[in-house]
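Below, each chain spelled out in residue letters.
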Amino acid sequence: MIIRLYSGLLAACMGVAFLITTPAADARPKVKTKTQHYRVDGSDAAAIVSSMMKQHRLLGGHGRVGRTKMKRRIEWEFSETKKSCRVKSHTIRLDFTTQLPRHRAEKRLRRSLRRDWRAFAKHVKWHEAQHRKIWLSCARRAERKVNRARAKTCSQLLTKLERIYKRSNAACDKRHAAFDAKETRRLGRHPLIRRANLRQ
């Protein structure tokens, strides 16, 4: 029988993230990635940072400058006998959408400010890519547990898989939170942010 376990939209916003889980044997997720840019204005660092802060609704919260959303859909086919049930096959589809800042008039910025802005934008892009990597790492860890899962009935197996997901989600959330905590401190020392604090 075929069971669609669940689908949903998850997001990471320079510190908020969730888990992608990859189930049974030899499956690989079908991944699509799309990048979107939001407009940033300002001719000095303080104005640039202020412009990004105004995008909190788009980015899902105050203080955020980038965001990665992930839509996940997983379909299962279970193989059931009189004595047991296992995952026979499945399909996983992951659609990533990353939202990044883009200055509307970057070439008009002073040379030193343009350099700092480009470094900042590059860092935000890198940060969001790390969330994606963490998700995929969590997926591989969950996969090993799912591949070993067996139960007497498919109903029991489904319950077991949901329990694996729940525990994996919690563990992955901690990895994202630790990464974001470290990166928040690092971002606060970035030259563009220092310029903004000095009103340059």
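Calculation notes
Residues numbered from 1 in each chain as written. Predicted model: local features only at pLDDT ≥ 70, side-chain atom pairs only at ≥ 80, totals over all residues. Heavy atoms only, no water. Helix = DSSP H or I, 4+ residues; strand = E, 2+ residues; numbered from the N terminus. Buried < 20%, exposed > 50% of the residue type's maximum accessible area, 1.4 Å probe, protein only. Contact = heavy atoms within 4.5 Å. Areas by Shrake-Rupley, 256 points an atom, 1.4 Å probe, with all protein chains shown as cover. Axes fitted to C-alpha atoms, helices over the stretch in contact; angles between N-to-C directions. Parallel < 35°, antiparallel > 145°, perpendicular 65-115°, else oblique. Left-handed = near helix turned anticlockwise from the far one by under 90°. Nonpolar A, V, L, I, M, F, W, Y, C, P; charged D, E, K, R; others polar. Disulfide = S-S within 2.5 Å. Phe/Tyr/Trp six-rings, centres within 6.5 Å; stacked < 30°, edge-to-face > 60°. Lys NZ or Arg CZ within 6 Å of the ring centre and 35° of its normal. pLDDT = per-residue confidence, 0-100.

Q: Mind laying out the overall build of the protein, listing which residues take part and the relevant values?
A: Counting its regular elements, the protein contains five helices and four strands. By residue count, 44% of the 200 residues in the protein fall in the buried class. Counting contacts in the protein only where the partners sit at least 6 residues apart, residues at least 24 apart contribute 78% of the total. Accessible surface, the protein: about 11,800 Å² in total, of which carbon and sulfur atoms supply 48%.

Q: With reference to specific residues and values, describe the packing of helix α3 (residues 111-147) against helix α4 (residues 154-188).
A: Contact geometry of α3 with α4 gives a least axis separation of 10 Å together with a crossing angle of 155°. As the angle between them shows, α3 and α4 are arranged roughly antiparallel. Crossing of α3 over α4 shows right-handed handedness. Its residues assigned to classes, the contact of α3 with α4 shows twelve nonpolar, seven polar and six charged.

Q: Could you give me a rundown of the state of the cysteines, with the residues and numbers involved?
A: What the rule picks out here adds up to two disulfides. Here C85 is linked by a disulfide to C154, with a sulfur-sulfur distance of 2.1 Å. One disulfide, between C85 and C154, carries an S-S torsion of 90° and so falls in the right-handed class. Linking C85 in strand β4 (residues 85-103) with C154 in helix α4, this pair joins segments that are 69 residues apart in sequence. The pair C85 / C154 is uniform in exposure class, with both members buried. Each sulfur of the disulfide joining C138 and C172 lies 2.1 Å from the other. In this structure the cystine formed by C138 and C172 twists about its S-S bond by roughly 95°; its chirality is therefore right-handed. Residue C138 is found in helix α3, and its partner C172 is found in helix α4; the two are separated by 34 residues along the sequence. In terms of burial, C138 and C172 fall into one category: buried. Taking only the cysteines that form disulfides and numbering them from first to last, the protein has the pattern 1-3, 2-4.

Q: Kindly report on the packing of aromatic side chains, identifying the contributing residues and their values.
A: Applying the stated criterion to the full structure yields three aromatic pairs. Between F96 and W135, the ring centres sit 5.7 Å apart and the planes meet at 45°, which makes this aromatic pair tilted. In this pair, F96 sits in strand β4 while W135 sits in helix α3, placing the two residues 39 residues apart along the sequence. A ring pair is formed by W126 and F179, whose centres lie 6.0 Å apart and whose planes are at 55°; its orientation type is tilted. Taken together, the positions of W126 in helix α3 and F179 in helix α4 put the pair 53 residues apart, joining distant regions of the chain. Assessed through its relative accessible area of 35%, W126 is described here as partly exposed. Judged by relative accessible area, F179 falls into the buried class, the value being 15%. Seen from the ring of W126, R186 lies directly overhead, with NZ or CZ sitting 5.3 Å from the centre.

Q: Give me the confidence of the model for the protein: which residues, what numbers.
A: On average, residues of the protein carry a pLDDT of 80, and 84% of them reach 70 or more. Of the regions scoring below 50 in pLDDT, residues 1-8 engages in 28 contacts with residues more than four places distant in sequence or in other chains. Every residue in residues 13-26 is under pLDDT 50, and counting partners more than four places away or in other chains gives 80 contacts.

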